Amino acid sequence: VETIDDVATPDIVEYIEPNYAVTAAAVPNDPYYASDGWALDMMNVPEVWDENMFGKGVTVAVLDSGVPSHEDIDSSHFVDQVNYSSASSIYDNYVHYGHYGHATGVIGTIAATYNNGIGLTGAMPDVSIMPVKVLDDEGNGWTSDIAEGIEHSISNKADVINMSLGSYADSQTLKTACEKASDAGILVVAAAG
């Protein structure tokens, strides 16, 4: 047989195609993935994992309550960490939900270690995380601190800025900083509501 046309007789062969390689879909062995990973499934994250290697090469600046210390978060992925808050320590000491600090929860959602048999799995566990502390140890901060954090993220070439925080004020300072980040090609993601 020299060509597909030599074999593909319409009344005998319905179609011919290559025999493509197949692998199992990415499903982590982390114990809380099945029960608490519903949001990742809802966003079709496992399908993304199969396509782009977990966010490798992307830097996410997390403007929040500091640098986490948790067994399910790989600190070797931290880059350009800084403290703009009034707190003396860069570490996440804000106790939220009675167990972990707010930044620890946010960074875990983004980048908790995949397939290590501990806790959860982050949406993009291979991203670089730029922890930018703009909230103090009680989870409070100022728009000027957040604007400085955005400037730091721009200067240090973040690809994404995540701000899981909010205010009742309509701040031109923050609007200007966010516009500058967007103009620099940075995706700015913020809490709503």
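The shown structure was predicted, so the numbers you read here are calculated from the model rather than taken from an experiment. (Residues numbered from 1 in each chain as written. Predicted model: local features only at pLDDT ≥ 70, side-chain atom pairs only at ≥ 80, totals over all residues. Heavy atoms only, no water.)

Honestly, the pairing of strand β4 (residues 160–163) in this entry has me stumped. Any pointers?
Two faces make up the sheet, and in a regular strand the side chains alternate between them. Residues Val 160 and Asn 162 line one face of β4 and the alternating positions Ile 161 and Met 163 line the opposite face, and both faces are buried. Pairing of strand β1 (residues 59–64) with β4 involves three bridges; the strand directions are parallel. Its bridge partner being in β4, Val 62 is matched across the sheet by Asn 162. In terms of strand pairing, β4 meets strand β5 (residues 187–190) through four bridges, oriented parallel. Looking at β5, one finds that Ile 161 is bridged to Val 188. (Buried < 20%, exposed > 50% of the residue type's maximum accessible area, 1.4 Å probe, protein only. Helix = DSSP H or I, 4+ residues; strand = E, 2+ residues; numbered from the N terminus. Pairing = 2+ DSSP bridges.)

Sorry, what's going on with the pattern of salt bridges here?
Close approach of charged atoms allows side chains of opposite charge to pair. Inspection of every chain in the model, using the stated rule, returns two salt bridges. Here Asp 137 makes a salt bridge to Lys 133, at a shortest N to O gap of 2.8 Å. Here Asp 137 falls in the partly exposed class, since its relative accessible area comes to 24%. (Salt bridge = Lys/Arg side-chain N within 4 Å of Asp/Glu carboxyl O.)

Mind showing me how you'd approach the packing of helix α6 (residues 143–155) against helix α7 (residues 172–183) here?
Where α6 contacts α7, the two axes come as close as 9 Å, and the packing angle between them is 10 degrees. Taken together, α6 and α7 sit at an angle that is classed as roughly parallel. Here α6 contributes Thr 143, Ile 146, Ala 147, Ile 150, Glu 151 and Ile 154 to the contact with α7, which in turn contributes Thr 173, Leu 174, Ala 177, Cys 178, Lys 180 and Ala 181. Across the contact of α6 with α7, the residue classes tally to eight nonpolar, two polar and two charged. (Axes fitted to C-alpha atoms, helices over the stretch in contact; angles between N-to-C directions. Parallel < 35°, antiparallel > 145°, perpendicular 65-115°, else oblique. Contact = heavy atoms within 4.5 Å. Nonpolar A, V, L, I, M, F, W, Y, C, P; charged D, E, K, R; others polar.)

Mind showing me how you'd approach the sheet that holds strand β3 (residues 128–133) here?
For sheets, the rule is that strands pair by backbone hydrogen bonds, running either parallel or antiparallel. Strand order in the open sheet formed by five strands is β2-β3-β1-β4-β5, with parallel pairing between adjacent strands. The open sheet is flanked by β2 (82–83) and β5, the only strands paired with a single partner. Each of β1, β3 and β4 is contacted by helix α5 (residues 102–111), which is oriented at about 160 degrees to β1, the strand it contacts most.

How should I be thinking about the layout of surface pockets in this particular structure?
Which parts of space are left empty comes out when a probe the size of a water molecule is rolled across the atoms. When its volume is computed, the second largest pocket comes out at roughly 360 Å³. Sorting the residues of the lining of the second largest pocket by element identifies α6 and α7 as the ones contributing at least two each. (1 Å grid on protein atoms, 1.4 Å probe; cavity = no way out; pocket = protein on both sides within 12 Å on 5 of 7 lines; lining within 4 Å. Points joined across faces, edges and corners; volume = space filled by probe spheres on them.)

What exactly am I supposed to notice about unusual backbone geometry here?
Both trends apply: most residues other than glycine have a negative phi, and most peptide bonds are in trans. With a phi angle near 50 degrees, Asp 80 is a residue other than glycine that sits in the positive phi range. By secondary structure assignment, the location of Asp 80 is in the loop between β1 and β2. One non-glycine residue, Lys 157, lies in positive phi territory at about 60 degrees. Inspection of the secondary structure puts Lys 157 in the loop between α6 and β4.

How should I be thinking about α7 in this particular structure?
Residue pairs three or four apart in sequence face the same way in an α-helix, which turns once every 3.6 residues. For α7, which comprises twelve residues, the first-to-last C-alpha distance of 16 Å matches the rise-based estimate of 16 Å (1.5 Å per residue) to within 8%. Buried-residue contacts for α7 involve α6, β4 and β5. The opening residue of α7 is Ser 171, an N-cap whose side-chain oxygen sits 3.3 Å from the backbone nitrogen of Thr 173. Count one or two residues on from α7 and you reach Gly 185, which has phi positive near 85 degrees. (Expected span 1.5 Å × (residues − 1). Polar contact = N/O pair within 3.5 Å; in protein donor to acceptor, adjacent residues only side chain to side chain.)

Help me out: how do you make sense of the environment of Tyr 91 in this one?
Checked against the element boundaries, Tyr 91 lands in the loop between β2 and α5. On the accessibility criterion, Tyr 91 (44% relative accessible area) is partly exposed. Counting along the chain gives 13 residues from Tyr 91 to Thr 104, while the straight-line C-alpha distance between them is 9.6 Å. Those residues in contact with Tyr 91 that lie beyond four places of it in its chain are Ser 65, Gly 66, Val 67, Lys 133 and Asp 137.

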